[in-house]
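Single-letter residue listing:
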Amino acid sequence: MKYWLMKSEPDVYSITDLKKNSTTWWEGVRNYQARNFMTKDMSPGDLVLFYHSNAEPSGVAGIAKVSKSAEPDQTQFDKKSEYFEAKASVDKPRWYCVQIEYVGTFKKTVSLADLKQQKDLKDLPVLQKGSRLSVQPVTKTHFEIIKTLGGL
DNA sequence: GCCAACGTTGGC
DNA sequence: GCCAACGTTGGC
């Protein structure tokens, strides 16, 4: 089993939305490295730190898990979607996404400031300068520390 | 709103 | 295959 951190802007899709919907396809990822993590390395059952970016405060808001392995992201075929990809076709999809399922919401978001205070988390990818990747692997140790900080 | 960091594109 | 220009991300 692996552990991940996935970013979302809560104005677009928050942990509360995921709780409401129970599951969601993680559509809209348009970065090759993030895509490759989803297609090659993620498996159902993997656990996910749900990270709110561009938020007040930004930080880890809860836990989800991978419920279905990667399939073609349908939004790339939709001309009306902001995620439309002209170079993709149903025969040759370019973008993929996994389905994730709600697990739990932290009592209080573990903010970036909280994360930075933890010496044991100094190597956490999301804390590194210029870290923009929206799907990142995290170690089991880091996952457990953050889960505990979040009260789960 | 600013801007540093990073990814992608496209001319050559 | 290089690299300048451009677009995006995301903290502050």
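The rules behind the values
Residues numbered from 1 in each chain as written. Chains lettered and ligands numbered in written order. Predicted model: local features only at pLDDT ≥ 70, side-chain atom pairs only at ≥ 80, totals over all residues. Heavy atoms only, no water. Near = heavy atom within 4 Å. Polar contact = N/O pair within 3.5 Å; in protein donor to acceptor, adjacent residues only side chain to side chain. Nonpolar A, V, L, I, M, F, W, Y, C, P; charged D, E, K, R; others polar. Pairing = 2+ DSSP bridges. Helix = DSSP H or I, 4+ residues; strand = E, 2+ residues; numbered from the N terminus. Axes fitted to C-alpha atoms, helices over the stretch in contact; angles between N-to-C directions. Contact = heavy atoms within 4.5 Å.

1. Digging into the protein's contact with DNA strand B
Contacts to DNA strand B come from N31, Y32, K129, G130 and R132. Taken together, the sugar and phosphate atoms account for 65% of what DNA strand B places within 4 Å of the protein. Here a phosphate oxygen of DNA strand B and a side-chain polar atom of K129 are 2.9 Å apart. By residue class, the composition of the surface near DNA strand B is one nonpolar, two polar and two charged.

2. Remarks on the sheet that holds strand β3 (residues 47–52)
In a beta sheet, neighbouring strands pair by backbone hydrogen bonds and run either parallel or antiparallel. Reading across from one edge, β2-β5-β4-β3-β1-β6 is the order of the six strands in this open sheet, with mixed pairing throughout. Looking at strand neighbours, the two that pair on one side only are β2 (23–25) and β6 (135–138), the edges of this open sheet. Going from strand to strand, the sheet's axes swing by 35° on average, the running direction of each strand aside. Across the face of the sheet, helix α2 (residues 32–41) comes into contact with β1 (3–8), β4 (59–72), β5 (96–111) and β6 while running at roughly 110° to β5.

Just geometry here; none of it tells us what the structure is for.
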